[in-house]
Amino acid sequence: MTGRPTFTVLNGPNLNLLGKREPALYGTATLADVEALCARVADELGYDLDFRQSNHEGDLIDFVHEVRETTSGFVVNAGAYTHTSAALHDALVTVAAPIIEVHLTNVHAREPFRHHSYVTPVAQAVIAGCGASGYEFAIRRLASLDINREIHRVHR
């Protein structure tokens with residue numbers, strides 16, 4: 001890390017299989033490709049990146065606890081935990097920085113159980129159906145929110 005502000009990208013279960021698991025649905029970009037995209041965009045905007053993935057709910061919660069007071073923003077693709085984890089929701093509530101929820105697919109056009117999200121109530125925005133580009137959109141939005149916060153603080 002360079003001492004610059006940091007954005008955290010949190011990825012849930014099965015996202016480690018991107019590019020291999022149902023590429024017709026999730027695309028051919030691997031999680032390493034997504035990380036490289038996020039790192040490039042974050043760097044371009046003057047941020048460091050903390051990119052994480054776990055298939056374990058407790059690990060994701062521990063990651064949130066670890067950076068909840070230091071991150072400048074969260075991008076969260078909780079995978080299936082989006083639809084099942086009140087515990088992850090409760091951890092995300094403790095984050096002061098903006099949270100952007102990301103889904104590679106349009107979850108609202110999929111199975112009914114995917115229509116409910118425990119992340120949405122704590123997110124400033126939801127990006128769905130844009131593939132890996134959704135991560136880039138999320139990081140750019142976080143940067144604009146962070147800039148707006150700084151401008152607001154200066155004018156108070």
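Fair warning: this is a prediction, and the values are worked out from it, not measured in the lab. (Residues numbered from 1 in each chain as written. Predicted model: local features only at pLDDT ≥ 70, side-chain atom pairs only at ≥ 80, totals over all residues. Heavy atoms only, no water.)

Here the focus is unusual backbone geometry. Backbone geometry follows two general trends: most residues other than glycine have a negative phi, and most peptide bonds adopt the trans configuration. Phi at N14 is positive, roughly 75 degrees, even though this residue is not glycine. Turning to its location among the elements, N14 is positioned in the loop between β1 (6-11) and α1 (23-26). (Helix = DSSP H or I, 4+ residues; strand = E, 2+ residues; numbered from the N terminus.)

If you look at the biggest cluster of nonpolar residues, it comprises 24 residues, and the most contacted ones within it are V9, C38, V75, Y135 and I139. Judged by nonpolar contacts, the second largest core, of 18 residues, contains L10, F74, V76 and L92. (Core = buried A, V, L, I, M, F, W, Y, C linked by side-chain atoms within 4.5 Å. Buried < 20%, exposed > 50% of the residue type's maximum accessible area, 1.4 Å probe, protein only.)

Let's shift gears to the pattern of salt bridges. Applying the stated rule across the entire model yields eight salt bridges. Of the charged contacts, one joins R4 and D43 as a salt bridge, the two residues approaching to 2.8 Å between their closest N and O atoms. With R4 in the segment before β1 and D43 in helix α2 (residues 31-44), the pair connects residues that are 39 residues apart, well separated along the chain. For D43, a relative accessible area of 45% translates into the label partly exposed. Between E66 and R52 there is a salt bridge, with its nearest N and O atoms 2.9 Å apart. Here R52 lies in strand β2 (residues 48-53) and E66 lies in helix α3 (residues 57-67), a separation of 14 residues in the sequence. A relative accessible area of 14% means that R52 is categorised as buried. Connected via shared salt-bridge partners are R40, E44, E136 and R140. (Salt bridge = Lys/Arg side-chain N within 4 Å of Asp/Glu carboxyl O.)

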